[in-house]
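Below, each chain spelled out in residue letters.
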Amino acid sequence: MLVNAAFSRALERPVQYLKGVGPKRARLMERLGLRTLRDLIEAFPRTWEDRIETPPGRVPVDAPLVLKGRVTRTLTQRAGTHLELFIAKLQVPGHGAVDAVWFKRPNRRYDVFESLRRELAPGADAWVIGRGEPGLLKIRKISVQEHYLVDDPRTPLHVGKLVPIYPTTAGLPERLLREIVAAALDEVFPELRENLPEKLLRRRELLTLPQAVRGIHRPRSSEELEQARRRLSYEELLLLEFAWTLKHRQTREVVKGYGYEIKRSLLTPFRAQLGFELTRAQKRVVNEILGDMQNPYPMTRLLQGDVGSGKTVVAIAALLLAIENGYQGAFMAPTEILAEQHFWTFQKFLGELPVRVELITSSVPKRKRERILARAASGEVDAVLGTHALLEESVAFKNLRLAIIDEQHRFGVRQRTTLRQKGPPLDLLLMTATPIPRTLSLALYGDLDVSTLDEMPPGRIPAKTLHIGEKEAFEIVRAETGRGLQAYIVYPIIEESASLDLKAAQAEFNRLSKTVFADRRVSLVHGRLPGKKKVAAMEEFASGGSDILVATQVIEVGVDVPNAGVMVIQNADRFGLASLHQLRGRIGRGSGASTCCLVAQPKSPEARRRVAILCETSDGFRIGEEDLKIRGPGEMLGMAQHGELGLRVADLVRDSDLLASAREDARELLAQDPDLKSPDLRPLRDKLVSLYQERWQSIDLA
Ligand code: ADP
Ligand code: MG
């Protein structure tokens, strides 16, 4: 949350300033990042619980019961040897007699029942919050989780309305933290000042800052809460947009200090020996990239293209331009299998061209690795492919100018930065097959230039996707491998686990190769195989040495075996949508028809939806958007990148409309006032400076 304190010192007072917060509590709060009153009112609730009094009638199924009544009698009971009950008989207006029940184990040192007996003497009025027996037509009994005395002046903070629940820590009960935040709010409320220009508030119909702060901590209705949340999200996104625009501006000021010339000494022979014509989209994208590389400032371009759209060839073209000019290139992929695969692909496509390519992964033997590193450092290697291993300090280049990151969403921003620092201002090409809806990519990457491969190589027939049983799926595998095609059978995990009824790749490999597919050549690959064995298994399959590859998700990205025409995904409901799409992208890479069999008994509605969507479409963008809806941006893109933005209020999916507005407004304000110098922007500017340092400075957008 974003509260401006330009005019107020009150906000900077330490939490101990508040009554009831001593050194011990202050230390606990420090652990939550709560040091000042400002931190407290900026503490964003984890959720809000609706604690409106439960009306008479049926016990609600998924909401807590909230009752207010007068104690008529109390008693304790034993239930078996392990449990004691404290029961307060309540008279609840509208409901009648209700038993409020507390539990405890006997022989605990501290007798909770003692204080209950004191507080809830007959005649006392109390609120109780807890669970009833769902479905019952009348509320007779409640297992109490929290109770509050009606006489206590703090009680209205906790019941009878929408109540904020703050993230807390052991030793600091929720209710106590709620009281502390409330005290902080009382203290500083009169000093809160607006920090957005009036005209934005009007244009976007936003609450003022004081209204929003109150609406978050003390919402009078869910509408007010939503209005408050929107206001604070908008502000957070506006600041993010400022930050991105400023970053963009800065990167335009960096000058590479080296240039490229299109010599065609490698590019032309490369295209001539490819064996196919580049698609129109590939040509366009290659031009965009080569154009960027010839610009005086460093390239940062995101290349999006659905699985199988042919990103690798585009990447090679970019590398060749660097190499033609006597520079080096680095190409990083998230898994060893993928790095290997690219290494073969490069060799295949480069053929006899005078280009020296090497591979560095953690399974390259030490001696060999040292030789390669020496050659990279002396400039005797033109391109180095590899995994995270490329990021190590020992990897140095003589004249690295271009870095390419495949499946970039698998990497964090900091890794990107590390790679980029291995040379002078580098050109950077980021590739991804997880299409990112436009709004989201704007928030994540700001004005990053984006190229999209929106066309598949000709003759591709999307895989037919079926939700069927294992038996039928195996019949398809048998028939297709009989015709000379190859098949993948994919399992979610590698070892049989007793708790989960999942088929494990290892066990299934043993079974299938001896029974159902005894007459086929079956090989196995999974993440825990040593690097060499992994590579050997992949090579065997890629070269046609086996018919069926039993695998885990390790084959999800990049693996390219055009003759593979069938994929069976076991327990498909256990995979996420993006993973399923990626996995399916391993087939249908040749010119023939292919089949993807989803073997699944989806139990949740979400799992059913995932399976259904996959059967329905092979459009990566559509799948990406569905995925975003189901899982949210954090999971979809890997927490790494989303988390690095450090957004506390805004939700990039829910607030995509606000993001668009914030973007428009940020641009307009910056166009009128490039340094945000005018007095009405002063508070925003201060906030921007501190947020920038705290969250965004280190993000390598560009
Ligand atoms: P991805 O975009 O998923 O990384 P790849 O670069 O692995 O896709 O390409 C998928 C397959 O398509 C590869 O076998 C590649 O050789 C082939 N391919 C790429 N471009 C073309 C093209 N223009 N025409 C025909 N096949 C192509
Ligand atoms: Mg690829």
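Residues numbered from 1 in each chain as written. Chains lettered and ligands numbered in written order. Predicted model: local features only at pLDDT ≥ 70, side-chain atom pairs only at ≥ 80, totals over all residues. Heavy atoms only, no water.

Draft legend 1. Structural context of the packing of helix H18 (residues 577-584) against helix H19 (residues 605-616). At a minimum axis distance of 10 Å, the contact between H18 and H19 shows a crossing angle of 35°. You can see that H18 and H19 cross each other, and the crossing is right-handed. Across the interface between the two elements, Leu577, Leu580, His581 and Arg584 of H18 pack against Arg610, Ile613 and Leu614 of H19. Among the residues forming the contact of H18 with H19, the class breakdown is four nonpolar, one polar and two charged. (Axes fitted to C-alpha atoms, helices over the stretch in contact; angles between N-to-C directions. Helix = DSSP H or I, 4+ residues; strand = E, 2+ residues; numbered from the N terminus. Left-handed = near helix turned anticlockwise from the far one by under 90°. Contact = heavy atoms within 4.5 Å. Nonpolar A, V, L, I, M, F, W, Y, C, P; charged D, E, K, R; others polar.)

Draft legend 2. Summary view of the sheet that holds strand S10 (residues 357-360). With respect to topology, seven strands assemble into an open sheet ordered S10-S11-S9-S12-S13-S8-S14, the strand pairing being parallel. The sheet is open, and its two borders are formed by S10 and strand S14 (449-453), each paired with just one other strand. On average, adjacent strands in this sheet sit at an angle of 20° to one another, irrespective of strand direction. The pairing of strand S8 (residues 300-305) with S14 spans five bridges and is parallel. The partner of glycine 305 across the bridge, within S14, is leucine 453. Its contacts with the sheet place helix H9 (residues 280-294) against S8, strand S12 (400-405), strand S13 (427-432) and S14, and it is angled at close to 160° to S14. Against the sheet, helix H12 (residues 366-378) engages strand S9 (328-332), S10 and strand S11 (383-386), with an angle of about 130° to S10. (Pairing = 2+ DSSP bridges.)

Draft legend 3. Region of interest: the site of ligand 1. Not every one of the 17 residues close to ligand 1 is listed here, only the nearest: Gly308, Lys311, Thr312, Arg460 and Arg589. Threonine 312 is positioned with one of its side-chain polar atoms (N or O) 2.7 Å from an oxygen atom of ligand 1. (Near = heavy atom within 4 Å. Polar contact = N/O pair within 3.5 Å; in protein donor to acceptor, adjacent residues only side chain to side chain.)

Draft legend 4. A look at the state of the cysteines. Enumeration over the complete set of coordinates arrives at zero disulfides. Of all cysteine sulfurs, the one in cysteine 596 lies closest to cysteine 597, which takes part in no disulfide; the gap is 6.7 Å. Among the residues examined, cysteine 597 registers a relative accessible area of 0% and is labelled buried. (Disulfide = S-S within 2.5 Å. Buried < 20%, exposed > 50% of the residue type's maximum accessible area, 1.4 Å probe, protein only.)

Draft legend 5. Fine view of the nonpolar core. The biggest cluster of nonpolar side chains holds 56 residues, and the ones touching the most others in it are Tyr234, Leu237, Leu238, Leu240, Phe242, Leu647 and Trp696. Among the elements that make up this core, the one with the highest residue count is helix H7 (residues 222-251) (eight residues). Discounting residues that sit within four places of it in the chain, leucine 647 has contacts with Glu236, Leu237, Leu240, Leu652, Arg695 and Trp696. (Core = buried A, V, L, I, M, F, W, Y, C linked by side-chain atoms within 4.5 Å.)

Draft legend 6. Representation of helix H4 (residues 174-188) in the model. For H4, with 15 residues, the first-to-last C-alpha span of 21 Å sits near the 21 Å given by 1.5 Å per residue. The complete set of buried residues in H4 reads Leu176, Leu177, Arg178, Glu179, Ile180, Val181, Ala182, Ala184, Leu185 and Val188. On its buried face, H4 sits against helix H1 (23-31), helix H2 (37-42), strand S6 (141-149), strand S7 (162-165) and helix H6 (209-217). (Expected span 1.5 Å × (residues − 1).)

Draft legend 7. Main features of the pattern of salt bridges. Considering all chains together, one arrives at 49 salt bridges under this definition. One salt bridge in this structure joins glutamate 30 and arginine 35, with 2.8 Å as the shortest N-O distance. Classification of arginine 35 by relative accessible area gives partly exposed; the value is 43%. One salt bridge in this structure joins aspartate 454 and arginine 284, with 3.8 Å as the shortest N-O distance. Of the two residues, aspartate 454 sits in the loop between S14 and strand S15 (464-467) while arginine 284 sits in helix H9, which places them 170 residues apart along the sequence. Here the salt bridges do not stand alone but share partners, grouping Arg203, Arg204, Glu664, Asp665 and Glu668 into one network. (Salt bridge = Lys/Arg side-chain N within 4 Å of Asp/Glu carboxyl O.)

Draft legend 8. Structural detail: unusual backbone geometry. Here the phi dihedral of glutamate 407 falls at roughly 50°; this positive angle occurs in a residue that is not glycine. Structurally, glutamate 407 can be placed in the loop between S12 and helix H13 (413-420). The class of glutamate 407 is buried, set by a relative accessible area of 4%. Its identity is not glycine, yet leucine 676 carries a phi of approximately 50°, on the positive side. Inspection of the secondary structure assignment puts leucine 676 in the loop between helix H22 (656-672) and helix H23 (682-696).

Draft legend 9. Spatial organisation of the packing of aromatic side chains. Taken as a whole and judged by the stated rule, the model has 10 aromatic pairs. Ring centres of tyrosine 258 and tyrosine 260 lie 5.9 Å apart, and the angle between their planes is 80°; this geometry places the pair in the edge-to-face category. Geometrically, the ring pair formed by tyrosine 258 and tyrosine 327 is edge-to-face, given 5.5 Å between the ring centres and 70° between the ring planes. Taken together, the residues tyrosine 258 in the loop between H7 and helix H8 (267-273) and tyrosine 327 in the loop between helix H10 (311-324) and S9 connect sequence positions 69 residues apart. In this structure tyrosine 327 comes out as buried when scored by relative accessible area, which is 13%. Three or more aromatic residues joined by ring pairs form one cluster here, namely Phe86, Trp102 and Phe113. Its end group placed over the ring of phenylalanine 113, lysine 104 keeps NZ or CZ at 4.9 Å from the ring centre. (Phe/Tyr/Trp six-rings, centres within 6.5 Å; stacked < 30°, edge-to-face > 60°. Lys NZ or Arg CZ within 6 Å of the ring centre and 35° of its normal.)

Draft legend 10. Layout of the side chain of arginine 401. Position of arginine 401 relative to the elements: it lies in strand S12. Despite its burial, arginine 401 remains without a salt bridge, the nearest opposite charge being carried by aspartate 427 at 7.9 Å. When residues no more than four places from it in sequence are discounted, the contact partners of arginine 401 are Tyr258, Tyr260, Tyr327, Gln328, Pro424, Leu426 and Asp427. (Lys, Arg positive; Asp, Glu negative; His and termini not counted.)

Draft legend 11. Here's a closer look at the environment of valine 535. Secondary-structure assignment places valine 535 in helix H17 (residues 531-542). Taking C-alpha positions, valine 535 is 8.6 Å from valine 525, a pair spaced 10 residues apart along the chain. Apart from residues no more than four positions distant in its own chain, valine 535 is found in contact with Glu340 and Trp344.

Draft legend 12. Seen up close, the sheet that holds strand S19 (residues 564-570). Strand order across the open sheet formed by six strands is S15-S20-S19-S16-S18-S17, with parallel pairing between neighbours. The sheet terminates laterally at S15 and strand S17 (522-525), the two strands that pair on one side only. Each strand axis lies, on average, 15° off the axis of its neighbour in the sheet, ignoring direction. Relative to the sheet, H18 contacts S15, strand S16 (486-490), S19 and strand S20 (595-599), its axis offset from that of S19 by approximately 155°.

Bear in mind that shape data such as this cannot, by itself, settle questions of function.
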